[in-house]
Amino acid sequence: MAGHTRRRTGFGLDKEGRGATLAVAGIMAGVVLIPTLLNATADGYAPVRAGERFTAGAFRFEPEPSWRMDVMRSMNGQSVLVGGSATYTVRPLGRAGSPHAAYLLAARRLEEGGLARVSGVPRPFRTRAGQAGLTGEITGAVEGRLSVVHHRGRAVAAVLIAPPRPLPDPGLLRQAERMTASLEVPP
Amino acid sequence: MIRLPLGEGFLRPHRHAFWLYLVSLAVGGTTVIGSLARRTAEAPPGALLLAVVLYAIWLAPVLWFVWRLELFEREPISLAAAAFVWGGLAATGLALAANTAFVSYLAKLDSGFAASWGPAVAGPTTEETLKTLAVVMIVLINRGQFDRVLDGFVYGALAGLGFQVVEDVIYALSIAAKSGSGWVGGLVLSFVMRGLINGLWTHAAWSAISGAGIAYFVTRRDRPLNRRLLVAAVLCGLSWLLHFVNNSPLFVLMFGGGGLLTIAQIIFNGMVTLCVVIVIYRAACRIEYGWFADVVADDVRAGLFTPREVADLATNGTRRRAIRRMRGLRGPRLQRELQHAQIAYGVAKSRSPDPATDPRLAELRRTIAEIRSDIARLPTRPRPRLRPAPRPPFHSGLWRPQEDEAA
């Protein structure tokens, strides 16, 4: 503007608008950080209600009432349940041509973390709704069981993980098996 | 003096806001690209391409429509693109992170409440704030290009469109991943629901409302500060409320569930939002037209504009009607050229430090006079009106029916 001299900071930036820009940065930080901090400081586990159904992609399953949901880790389309020292995760795998392809995909993703190794030949099984699945052992720094269920091109992985010592409660393991058996794609 | 294009649009590295914009874009864009990559990997091959093609086809006429909402002075393309990209990358990316944490926090307090009301509480709070900041950023980057309420309306709508398109593509990929072998149908259905049926009166409309509020606060310096604050707060609150109602399960609680009810809810919410947006747009146009009429008031007295011509420039509709009044092949074209020249004159005059000696204005005066003499030489007279011309929608105080009838 004619006759108007801009006041500049040492970096050659206009002083005008600096406060407002800082305020905008503060609002943006607040919008993201306030819920993030509130979420981080709140108790991260929600109890499972009787009769509740959880979904993971196109699949759903019945959680066992003695397990608790890890709310934060259950936000990205997966369901993470914690019972004692065991963690049970149901994660959609997207498209897969067969149960075997789905199992290989799930095993590769699990092994990418470096803590677990999927070993042995997987055994076939069927869920209560009759959908085909494969299940195998997880070994390494943690132990557990990897199961996949495949239905019409879609697949889901159910991963049970527990530290090897002390041995997890056998009751919890049976409950995890029941959760896997309840996996289905609703009609 | 040669004027560098730097001052005209977005590229203003001497502004703090310019650098904040770039940082926000990098942070938000990283989140959006990560989310898109994850969902693309989960979805069938071709889902991303189909979603992008569908929304690109949808977006082209919508962008044209929003661009045409400006009556007198189109916004610089670089600033318009900056608002759109902010909505698509910065606002969407930051909202993804904020919404996840917000809904997770609500779920820890009460998972049932979070499942039903979480999107209604978290969505408007984070998304409307972040989209509205697009308009604030444009003001801070280039205040010189931000003159009236309609500017905020258009920038807000563009930011909302950017947000909506990216969000819809992410949703479409999620639907495709869940739909198995029928993924094409699922994706197309998602496009029909979120793009065609629910597209124009959601994010773009809500952001246009809050953008108009910010623009009122920034540009109406002739009004008391309390009033400007009140108008801005009411309009931002209104956009939050419309978004809240759209995301809430209120319809389901009142009338029960069902597919038809979902469509009824979409249509009801859309109609309410559309009515609010039309009222605000007309108010913004009234301000815009009042500004233009004030700028050219001297020229009406000097005979460069007739009162009727000023009234004809009030809206896109009155302009079209004035063009249709002309007969023959050349008449409508000349009338259109006259309107363009008169609008260019008014805008140039408003920006000129010395209108009396400005060579650009002198050139436009000559152009207007030449076009008017061409119109006067047309072999056919303007089509006689069988009924009185409608009153222009916004009364400027310049146009009186008896003057026109006498002419």
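Along each chain, the written sequence defines residue order, and numbers are assigned to residues from 1. For this description, chains carry letters from A and ligands carry numbers from 1, given in the order in which they are written. With the structure being a predicted model, the display of local features is reserved for residues of pLDDT at least 70 and the display and counting of side-chain atom pairs for 80 or more, all residues being used for whole-chain, interface and lining totals. Side-chain metrics rest on all non-hydrogen atoms present in the structure, leaving aside hydrogens and water.

A. Region of the structure containing the overall build of chain A. Per the convention used, a helix needs a DSSP run of H or I reaching at least four residues, while a strand needs a run of E reaching at least two, with both numbered from the N terminus. Looking only at helices and strands, one finds three helices and 10 strands in chain A. Walking chain A from its N terminus toward its C terminus, one meets helices and strands in the order α-β-β-β-β-β-β-α-β-β-β-β-α. Over its C-alpha trace chain A gives a radius of gyration of 24 Å, far above what one expects of a compact globule, namely 16 Å for 187 residues. Viewed in the frame of its principal axes, chain A has a C-alpha envelope of about 85 × 35 × 35 Å. Looking at chain A as a whole, 47% of its 187 residues are labelled buried. For every accessible area listed, the method is Shrake-Rupley and the probe measures 1.4 Å; residues are considered covered only by the protein chains on display. Surface accessibility of chain A: about 10100 Å² in total, with carbon and sulfur atoms responsible for 56%. Our radius of gyration is a C-alpha quantity, and the globule rule it is checked against amounts to 2.2 Å times the number of residues to the power 0.38. Here's how the labels work: a residue is buried when its accessible area is under 20% of the maximum for its type, exposed when over 50%, partly exposed in between, all with a 1.4 Å probe on protein chains only.

B. Local environment of the overall build of chain B. The number of helices and strands found in chain B is 16 helices and zero strands. Overall size of chain B, expressed as C-alpha extent along the three principal axes, is 70 × 50 × 45 Å. Here chain B holds 407 residues, and 53% of them are scored as buried. Of the roughly 18700 Å² of accessible surface on chain B, 67% is carried by carbon and sulfur atoms.

C. Examining the interface of chain B and chain A more closely. On the chain A side, the residues contacting the 39 residues of chain B number 35 residues. By buried area we mean the combined loss of accessible area, with a 1.4 Å probe, across both parts when two parts are placed together. With both sides pooled, the region where chain B packs onto chain A buries about 3100 Å², and carbon together with sulfur makes up 69% of that total. Summed over the three residues of chain B that lose the most area to chain A, namely His14, His16 and Lys108 of chain B, the buried surface amounts to 23% of that side. We define a salt bridge as a contact between a side-chain nitrogen of Lys or Arg and a carboxyl oxygen of Asp or Glu at a distance within 4 Å. Taken together, the links from chain B to chain A amount to one salt bridge. Close ionic contact of Arg15 of chain B with Asp14 of chain A constitutes a salt bridge, the shortest N to O distance being 3.1 Å. Polar contacts here mean pairs of N or O atoms no more than 3.5 Å apart (in protein, one a potential hydrogen donor and the other a potential acceptor; neighbouring residues in sequence count only if both atoms are side-chain atoms). At the boundary of chain B and chain A, one finds seven residue pairs in polar contact (both at pLDDT 80 or more). Elements with a minimum of two residues in the side of chain B that touches chain A: helix H1 (16–42), helix H3 (77–109), helix H4 (111–141) and helix H5 (149–178) of chain B. Ranked by the residues each element gives to the side of chain B that touches chain A, the list is headed by H3 of chain B, at 12 residues. When residues are grouped by polarity, Ala, Val, Leu, Ile, Met, Phe, Trp, Tyr, Cys and Pro land in nonpolar, Asp, Glu, Lys and Arg in charged, and all others, Gly among them, in polar. Classifying every residue of the side of chain B that touches chain A gives 21 nonpolar, 12 polar and six charged. Two residues form a contact once any of their heavy atoms are found within 4.5 Å.

D. Main features of the packing of aromatic side chains. All names here are of chain B. Pairing of aromatic side chains requires ring centres within 6.5 Å, counting the rings of Phe and Tyr and the six-membered ring of Trp. Pairs whose planes differ by under 30 degrees are stacked, by over 60 edge-to-face, and all others tilted. Going through the model one piece at a time under the given rule, you end up with 19 aromatic pairs over all chains. Ring geometry for Phe251 and Phe268: centres 5.6 Å apart, planes at 45 degrees, overall tilted. Of this pair, Phe251 sits in helix H9 (residues 250–255) while Phe268 sits in helix H10 (residues 259–295), placing them 17 residues apart in sequence. Site record: aromatic cluster; members linked through ring pairs are Phe10, Phe18, Trp19, Tyr21 and Trp86. Should the NZ of a Lys or the CZ of an Arg lie within 6 Å of a ring centre and within 35 degrees of the ring normal, that charge is described as sitting over the ring. Sitting over the face of the ring of Phe72, Arg319 holds its NZ or CZ atom 5.0 Å from the ring centroid.

E. A look at the nonpolar core. In terms of nonpolar packing, the biggest core is built from 106 residues, with Phe72, Trp86, Phe153 and Phe305 of chain B touching the most fellow members. Here the element with the most residues in this core is H5 of chain B; it accounts for 16 residues. Not counting the four nearest positions on each side in its chain, Trp86 of chain B is found in contact with Met28 of chain A together with Tyr21, Ser24, Leu25, Ala91, Leu130, Leu133, Ala134 and Met137 of chain B. We define a nonpolar core as any set of buried Ala, Val, Leu, Ile, Met, Phe, Trp, Tyr and Cys residues linked to one another through side-chain atoms lying within 4.5 Å. With 29 residues, the next largest nonpolar core counts Ala86, Val90, Ala158 and Leu172 of chain A among its residues.

F. Up close: the pattern of salt bridges. Residues and elements named next belong to chain B. Counting across every chain of the model gives 23 salt bridges over all chains. A salt bridge links Asp147 to Arg351, with the shortest nitrogen-to-oxygen separation between them at 2.7 Å. Linking Asp147 in the loop between H4 and H5 with Arg351 in helix H14 (residues 330–351), this pair joins segments that are 204 residues apart in sequence. Overall, Asp147 belongs to the partly exposed group, its relative accessible area being 24%.

G. Molecular detail of the pairing of strand E5 (residues 79–83) of chain A. All names here are of chain A. With five of five residues buried, E5 lies mostly within the body of the structure. Of the two faces of E5, both are covered, the one formed by Ser79, Leu81 and Gly83 as well as the one formed by Val80 and Val82. With two bridges connecting them, strand E4 (residues 68–70) and E5 associate as antiparallel partners. In the strand pairing of E5, Arg68 is matched with Val82. Two strands pair when backbone bridges link them, and E5 and strand E6 (residues 86–95) are joined in this way by five bridges, in the antiparallel orientation. By the bridge assignment, Leu81 is partnered in E6 with Tyr88. Only strands that DSSP links by at least two bridges are regarded as paired with each other.

H. Expanded view of the domain arrangement of chain B. Residues and elements named next belong to chain B. The domain boundaries here were taken from an automatic or database domain assignment. Looking at the assigned domains, one finds that chain B contains domain 1 (7–294) and domain 2 (296–402). Of the residues lining the interface, 15 residues belong to domain 1; the matching set on domain 2 comes to 20 residues. It is Leu71, Tyr289 and Phe292 that lose the most area in domain 1 upon contact with domain 2, and together they represent 43% of the buried surface on that side. Applying the counting criterion to the domain 1 and domain 2 interface returns two salt bridges.

I. Seen up close, unusual backbone geometry. Residues and elements named next belong to chain A. You will see that Arg152, though not glycine, has its phi angle at about 45 degrees, which is positive. Locating Arg152 in the fold gives a position in the loop between strand E9 (143–151) and strand E10 (154–162). On the basis of relative accessibility, which here comes to 65%, the residue Arg152 falls in the exposed class.

J. How the structure looks around a nonpolar patch on the surface. A surface patch of nonpolar side chains, about 530 Å² in accessible area, is lined by Leu260, Ile263, Ile267, Met271, Leu274 and Ile278 of chain B. Accessibility expressed as a relative area gives 72% for Leu260 of chain B, which makes it exposed. By definition, no residue in a patch forms a salt bridge, and every one has over 30% relative accessible area; like charges are joined within 9 Å, nonpolar side chains (Val, Leu, Ile, Met, Phe, Trp, Tyr) within 5 Å.

K. Layout of H4 of chain B. Residue and element names in this part refer to chain B. Between its first and last C-alpha atoms H4 spans 42 Å; for 31 residues at 1.5 Å apiece the expected length is 45 Å, and the two agree. Take the seven residues that end at a residue and the seven that start at it, fit an axis to each, and the angle between those axes is the bend at that residue. At Trp117, H4 shows its largest kink, close to 65 degrees, and the proline Pro119 lies no more than four residues downstream. Most of H4 is tucked away, with 22 of its 31 residues classed as buried. Expected helix span is taken as 1.5 Å per residue step, with the number of steps being one fewer than the number of residues.

L. Highlighting the sheet that holds E10 of chain A. Residues and elements named next belong to chain A. Here we have eight strands laid out as an open sheet, ordered E1-E4-E5-E6-E10-E9-E8-E7, and antiparallel in their pairing. The open sheet terminates on both sides in strands that have one partner only, identified here as strand E1 (45–47) and strand E7 (116–126). Recorded for the sheet is a direction-independent mean angle of 25 degrees between the axes of neighbouring strands. Axis definition: a line fitted to C-alpha atoms, over the contacting stretch in the case of helices. Angles run 0 to 180 degrees between N-to-C directions.

M. View of helix H7 (residues 203–219) of chain B. With 17 residues, H7 of chain B extends 24 Å between its outermost C-alpha atoms, agreeing within 8% with the 24 Å of an ideal straight helix rising 1.5 Å per residue. For H7 of chain B, the tally of buried residues reaches 16 of 17 residues, placing the bulk of the element in the interior.

N. Focus on the confidence of the model for chain B. All names here are of chain B. When pLDDT is averaged across chain B, the result is 88; 91% of the residues are at 70 or more. Per-element confidence in chain B ranges from a low mean pLDDT of 43 for helix H16 (residues 401–406) to a high of 97 for H7. Taken as a whole, residues 1–7 scores under 50 in pLDDT and shows five contacts with residues more than four places along the chain or in a different chain. Ignoring residues within four places in sequence, the model shows residues 396–407, a span with pLDDT below 50, making 18 contacts including any to other chains. The predictor attaches a confidence to each residue, called pLDDT, with possible values from 0 through 100.

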